[in-house]
Amino acid sequence: MRVTVNTIQKFKDNNEKFSVLTAYDYSTAKYIDEAGIDVILIGDSLAMTALGYETTHSIGTAEMTIFTKAVAKGANRAMVVTDMPFMSYHADIASAVRNCGEMIKCGANAVKIEGYSEHILDVVKRLVESGIPVVAHLGFTPQFLNTLGGYKIQGKTKEAAEEILRQAKDLQKAGAFALVLEMVPEESAKYITENLKIPTISCGAGRYCDSQVLVCDDVFGKFDGFKPKFARKYGDMKSFIIDCAKKFDADVKNGTFPSEDEVF
Ligand code: KIV
């Protein structure tokens with residue numbers, strides 16, 4: 001049975017942790033779905049990990065629809081959430097609803113949007129009214145990299161944690177069903193988590209959130225651009241790919257590929 005907004009709320013109510021992992025293509029989505037991951041996020045991190053851009057700013061709505069279609073085809077049980085790219089929900093409510101609606105048409109079950117403002121609250125309200133579930137995202141928000149002045153930990157002081165909680169409560173009231181907290185000290189994230197009805201998803205926000213999210217390329221050891229402190233590497237896909245490619249290269253060059261069994 002598909003993980004839904006109700007399943008996610010039950011996880012929180014029953015004090016049960018759930019897992020969120022990014023995926024950008026069909027086969028990765030299929031395998032991590034089989035592995036039991038509860039939510040698959042088509043993160044705009046793919047701009048960096050899959051497309052090689054320096055930040056997440058360089059990806060648009062049209063590209064996200066392609067990745068969403070591929071992931072949605074691979075995921076049977078997991079909830080599929082598409083990260084709305086930079087500037088796809090800021091101009092006005094109408095274009096925000098249209099762009100988010102595109103992702104649902106492509107197979108996403110929900111969207112994620114970053115930040116907090118009166119406009120964002122209105123967007124969340126209108127999306128939920130339109131039948132589009134929303135994951136909010138506070139703390140460090142990569143799409144605001146330039147206004148935040150770099151990759152900086154957010155919510156370090158009691159006052160800053162209070163402010164994130166205030167914003168989170170507004171987003172919760174507007175209808176968001178979950179909240180990503182990125183790069184927030186775990187004591188602040190704990191305080192925020194304990195004071196919200198909706199679940200929090202930690203992205204470098206410590207052990208007391210209701211869920212954890214990581215970027216699949218970090219988990220698989222595929223991306224070698226940089227490794228955030230909070231990312232745990234469970235494999236070494238980079239070495240695996242290089243090793244397989246080297247063996248294939250050698251076999252082609254020494255004439256052992258293809259063999260008799262591999263020809264018609
Ligand atoms: O883009 C992304 O992958 C994300 C998460 C890791 C939260 O936003």
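## Examining the overall build of the protein chain
Scanning the protein chain from terminus to terminus reveals 11 helices and 8 strands. Dimensions along the principal axes, computed over C-alpha positions, put the protein chain at roughly 65 × 40 × 35 Å. Here the protein chain, with 264 residues, has 48% of them falling under the buried criterion. Restricting to contacts in the protein chain with at least 6 residues of sequence separation, those with at least 24 account for 61%.

## Let's talk about helix 11 (residues 237-254)
The terminal C-alpha atoms of helix 11 lie 25 Å apart, and with 18 residues this matches the ideal 26 Å at 1.5 Å per residue to within 8%. Looking one or two residues beyond helix 11, the residue adopting positive phi is Gly-255, at roughly 80 degrees.

## Describing the environment of Ala-168
Mapped onto the fold, Ala-168 is located in helix 8 (residues 158-174). Taking the C-alpha atoms as reference, Ala-168 lies 8.1 Å from Ala-136; in sequence the two are 32 residues apart. For Ala-168, the residues in contact, after removing those within four places along its chain, are Leu-138, Leu-179 and Leu-196.

## Brief notes about a nonpolar patch on the surface
Nonpolar side chains collect at one region of the surface, where Phe-248, Val-252 and Phe-257 lie side by side and expose about 280 Å² of accessible area between them. Along the chain, Phe-248 turns up in helix 11.

## Notes on the sheet that holds strand 5 (residues 134-139)
The strand order around the closed barrel formed by 8 strands is 1-2-3-4-5-6-7-8, and the pairing between neighbours is parallel. In this sheet, neighbouring strand axes are inclined to one another by 25 degrees on average, regardless of whether the strands run parallel or antiparallel.

## Quick word on a negative patch on the surface
Taken together, Asp-251, Glu-260, Asp-261 and Glu-262 make up a surface patch of like negative charges. Structurally, Glu-260 is set in the segment after helix 11. For Glu-260, a relative accessible area of 74% gives the class exposed.

## Let's talk about the packing of helix 5 (residues 93-105) against helix 6 (residues 118-129)
Remark: helix 5 packs on helix 6, axes separated minimally by 10 Å, with the N-to-C direction vectors making an angle of 50 degrees. With respect to their mutual orientation, helix 5 and helix 6 come out oblique. Handedness of the crossing formed by helix 5 with helix 6: right-handed. Taken together, the residues of helix 6 that come into contact with helix 5 (itself represented by Ile-93, Ala-96, Val-97 and Cys-100) are His-119, Asp-122, Val-123, Arg-126 and Leu-127. For the contact of helix 5 with helix 6, the per-class residue count stands at 6 nonpolar, 1 polar and 2 charged.

## What to know about helix 4 (residues 61-74)
Its 14 residues place the ends of helix 4 20 Å apart at the C-alpha level, agreeing with the 20 Å of an ideal helix rising 1.5 Å per residue. Residues of helix 4 that are buried include every one of Thr-61, Met-64, Thr-65, Phe-67, Thr-68, Val-71, Ala-72 and Gly-74, and no others.

## Some details on the confidence of the model for the protein chain
On average, the protein chain scores 97 in pLDDT, and the residues at 70 or more come to 100%. When the elements of the protein chain are averaged for pLDDT, helix 7 (residues 145-148) gives the smallest value, 95, and strand 3 (residues 79-83) the largest, 99.

## With respect to the site of the ligand
Close contacts around the ligand come from Thr-22, Leu-41, Gly-43, Asp-44, Ser-45, Asp-83, Lys-112, His-137, Cys-203, Val-213 and Val-215, and that covers them all. Separating an oxygen atom of the ligand from a side-chain N or O atom of Asp-83 is a distance of 3.1 Å. Residue Lys-112 places a side-chain N or O atom 3.1 Å away from an oxygen atom belonging to the ligand. The fraction of the free accessible surface of the ligand (250 Å²) that becomes covered by protein chains is 95%.

## Remarks on the pairing of strand 6 (residues 178-182)
Counting buried positions along strand 6 gives 5 out of 5 residues, so the element sits mostly inside the fold. Of the strand pairs in this sheet, strand 5 and strand 6 are connected by 5 bridges, and their pairing is parallel. The residue bridging Val-135 from the neighbouring strand is Ala-178, located in strand 6. As a crossover connection, the stretch from strand 6 through helix 9 (residues 186-194) into strand 7 (residues 200-203) is right-handed.

## Some remarks on the packing of aromatic side chains
Enumeration according to the criterion identifies 5 aromatic pairs in this entry. When the centroid spacing of 5.3 Å and the interplanar angle of 40 degrees are considered together, the rings of Phe-140 and Tyr-151 count as tilted. With Phe-140 in the loop between strand 5 and helix 7 and Tyr-151 in the loop between helix 7 and helix 8, this pair connects stretches of sequence that are 11 residues apart. On the basis of relative accessibility, which here comes to 1%, the residue Phe-140 falls in the buried class.

## Overview of the nonpolar core
In terms of nonpolar packing, the biggest core is built from 56 residues, with Ile-40, Leu-179 and Leu-181 touching the most fellow members. Not counting residues within four places of it along the chain, the set of residues in contact with Ile-40 comprises Leu-21, Thr-22, Ala-23, Ala-29, Ile-32, Asp-33, Val-71, Ala-75, Ala-78, Met-79, Val-80 and Val-81. Judged by nonpolar contacts, the second largest core, of 17 residues, contains Ile-8, Leu-41, Val-135 and Ala-178.

Reading guide: rules and limits
- Residues numbered from 1 in each chain as written.
- Predicted model: local features only at pLDDT ≥ 70, side-chain atom pairs only at ≥ 80, totals over all residues.
- Heavy atoms only, no water.
- Helix = DSSP H or I, 4+ residues; strand = E, 2+ residues; numbered from the N terminus.
- Buried < 20%, exposed > 50% of the residue type's maximum accessible area, 1.4 Å probe, protein only.
- Contact = heavy atoms within 4.5 Å.
- Expected span 1.5 Å × (residues − 1).
- Patch = residues over 30% accessible without salt bridge, like charges linked within 9 Å, V, L, I, M, F, W, Y side chains within 5 Å.
- Areas by Shrake-Rupley, 256 points an atom, 1.4 Å probe, with all protein chains shown as cover.
- Salt bridge = Lys/Arg side-chain N within 4 Å of Asp/Glu carboxyl O.
- Pairing = 2+ DSSP bridges.
- Axes fitted to C-alpha atoms, helices over the stretch in contact; angles between N-to-C directions.
- Lys, Arg positive; Asp, Glu negative; His and termini not counted.
- Charge placed at Lys NZ, Arg CZ, Asp CG, Glu CD.
- Parallel < 35°, antiparallel > 145°, perpendicular 65-115°, else oblique.
- Left-handed = near helix turned anticlockwise from the far one by under 90°.
- Nonpolar A, V, L, I, M, F, W, Y, C, P; charged D, E, K, R; others polar.
- pLDDT = per-residue confidence, 0-100.
- Near = heavy atom within 4 Å.
- Polar contact = N/O pair within 3.5 Å; in protein donor to acceptor, adjacent residues only side chain to side chain.
- Right-handed = clockwise from strand over helix to strand, strands pointing away.
- Phe/Tyr/Trp six-rings, centres within 6.5 Å; stacked < 30°, edge-to-face > 60°.
- Core = buried A, V, L, I, M, F, W, Y, C linked by side-chain atoms within 4.5 Å.

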